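# Results of the structural survey
Each chain is listed here by its residues.
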Amino acid sequence: MSPPVDHAVCYLRRHQALYGDQLSLDQPITPDKPLRAHENVDEQAASLAAFEEEIRECRKCTLEAARTKFVFGVGSPEADMVFVGEAPGYEEDRQGEPFVGKAGKLLDRILAAIQLSRREVYICNILKCRPPNNRDPLAAEVSQCLPYLKEQLRIIHPKLVVALGRVAAKTLLGVEESLKNMRQQVYNYEGVELRVTYHTAALLRNPALKAPAWEDFQAIRDRYRELTGQPPIESQGKSQSAGKSTTS
Ligand code: URA
């Protein structure tokens, strides 16, 4: 694509993320390849930063009234793996960064156990603003906010998306399966492999989920390494599992 056309497409996508399909177009603005790689990392970082700037004052739904900070996302703009949670909680709303409360600290420990850090991956949520008292996102909030996540994924162009918990999985996949069933499947989200596992907050609430979650994260680690051309890691066995370091 030539640069002017490229910029026009970019502009239209942004417009769509912000205002929906309100342009008089014969067809929705869906590129041939929905998630397109950028030519270089600087461009990706600049695009992501520009997009954040564009949407950070969002007033599309009522959640903006009570928010302290808009929680865009954190991590590498060129990440090969993106984790998608549900919505900011108290700490995230205060600090403007996803997964920085108790559930976030647990996610950090799990990432460390699979030899990753939050700087190497990208972490964001379905909703960018905190729902009151951490209630479940409303359908209207999800449909207003989802275009933002889609645009983030288009810019980052990861190889693997991991949905953390039922809300993220159900939103991205449009299915009402139990998380127990979904965690064993490999899905495709707009051309990108998607896997599902428990939300770290669920692991804090229910320690019985730690063992299956660790299985999931090992499988995620192995697939991530495979997709990124890294050698496999020797099986660490249960005694060294993240279950120990991540859930104490
Ligand atoms: N739970 C989420 O789903 N996202 C966060 O950012 C924090 C907690």
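Calculation notes
- Residues numbered from 1 in each chain as written.
- Predicted model: local features only at pLDDT ≥ 70, side-chain atom pairs only at ≥ 80, totals over all residues.
- Heavy atoms only, no water.
- Phe/Tyr/Trp six-rings, centres within 6.5 Å; stacked < 30°, edge-to-face > 60°.
- Helix = DSSP H or I, 4+ residues; strand = E, 2+ residues; numbered from the N terminus.
- Near = heavy atom within 4 Å.
- Polar contact = N/O pair within 3.5 Å; in protein donor to acceptor, adjacent residues only side chain to side chain.
- Areas by Shrake-Rupley, 256 points an atom, 1.4 Å probe, with all protein chains shown as cover.
- 1 Å grid on protein atoms, 1.4 Å probe; cavity = no way out; pocket = protein on both sides within 12 Å on 5 of 7 lines; lining within 4 Å.
- Sits in = over half its atoms within 2 Å of the grid points.
- Nonpolar A, V, L, I, M, F, W, Y, C, P; charged D, E, K, R; others polar.
- pLDDT = per-residue confidence, 0-100.
- Contact = heavy atoms within 4.5 Å.
- Buried < 20%, exposed > 50% of the residue type's maximum accessible area, 1.4 Å probe, protein only.
- Pairing = 2+ DSSP bridges.
- Points joined across faces, edges and corners; volume = space filled by probe spheres on them.
- Core = buried A, V, L, I, M, F, W, Y, C linked by side-chain atoms within 4.5 Å.

### Points about the packing of aromatic side chains
On inspection of all chains with the given rule, the structure shows four aromatic pairs. Relative to Tyr148, the ring of Phe70 has its centre 6.5 Å away and its plane inclined at 70 degrees; by these criteria the two rings are edge-to-face. Residue Phe70 is located in the loop between helix H3 (63-66) and strand E1 (74-75), and its partner Tyr148 is located in helix H6 (residues 139-156); the two are separated by 78 residues in the primary sequence. Connected via pairs of aromatic rings, a cluster forms that spans Phe51, Phe70, Phe72 and Tyr148.

### A few points about the site of the ligand
In the vicinity of the ligand, the contacting residues are Gly85, Glu86, Ala87, Glu92, Pro98, Phe99, Asn125 and His199. Here Phe99 contributes a backbone N or O atom positioned 2.9 Å from an oxygen atom of the ligand. His199 places a side-chain nitrogen or oxygen 2.7 Å from an oxygen atom of the ligand. Taking 230 Å² as the accessible area of the ligand by itself, protein coverage stands at 90%. More than half of the atoms of the ligand fall within 2 Å of the grid points belonging to the largest pocket. Looking at side-chain class alone, the shell around the ligand contains three nonpolar, three polar and two charged residues.

### A short note on the environment of Ala219
Locating Ala219 in the fold gives a position in helix H10 (residues 210-227). As for Ala219 and Arg195, which are separated by 24 residues in sequence, their C-alpha atoms are 9.6 Å apart.

### Brief notes about the confidence of the model for the protein chain
Per-residue pLDDT for the protein chain averages 87, and the proportion of residues at 70 or more is 79%. A low-confidence stretch, residues 24-36 stays under pLDDT 50, and its non-local contacts, those more than four residues away or across chains, total 18 contacts.

### Brief notes about the pairing of strand E3 (residues 122-125)
Neither face of E3 is exposed, since Tyr122 and Cys124 on one face and Ile123 and Asn125 on the opposite face are all buried. Judged from the two bridges that link them, E1 and E3 form a sheet pairing that is antiparallel. Its bridge partner lying in E3, Val74 is registered against Ile123.

### Details of the side chain of Glu193
Among the structural elements, Glu193 can be located in strand E6 (residues 192-197). Judged by its relative accessible area of 13%, Glu193 is buried. Here Arg195 takes part through its side chain, which lies 3.0 Å from a polar atom of the side chain of Glu193.

### Considering empty space enclosed by the protein
If you walk through the whole model with that rule in mind, you get two cavities of 30 Å³ or more. A volume near 100 Å³ is recorded for the largest cavity. In terms of lining, the largest cavity is formed by 14 residues, of which the most central are Cys58, Cys61, Lys128, Cys129 and Cys145. Mapped by element, the contributors of at least two residues to the lining of the largest cavity are H3 and H6. Counting residues per element, the lining of the largest cavity draws most heavily on H6, which supplies four residues. Residue composition of the lining of the largest cavity, by class: eight nonpolar, one polar and five charged.

### A short note on the nonpolar core
Within the largest apolar cluster, 60 residues are counted, with the highest numbers of intra-cluster contacts made by Met81, Phe83, Val84, Leu172 and Phe217. With eight residues, the single largest contributor to this core is H6. Those residues in contact with Leu172 that lie beyond four places of it in its chain are Val84, Ile126, Leu146, Leu149, Val161, Ala163, Tyr189 and Leu194.

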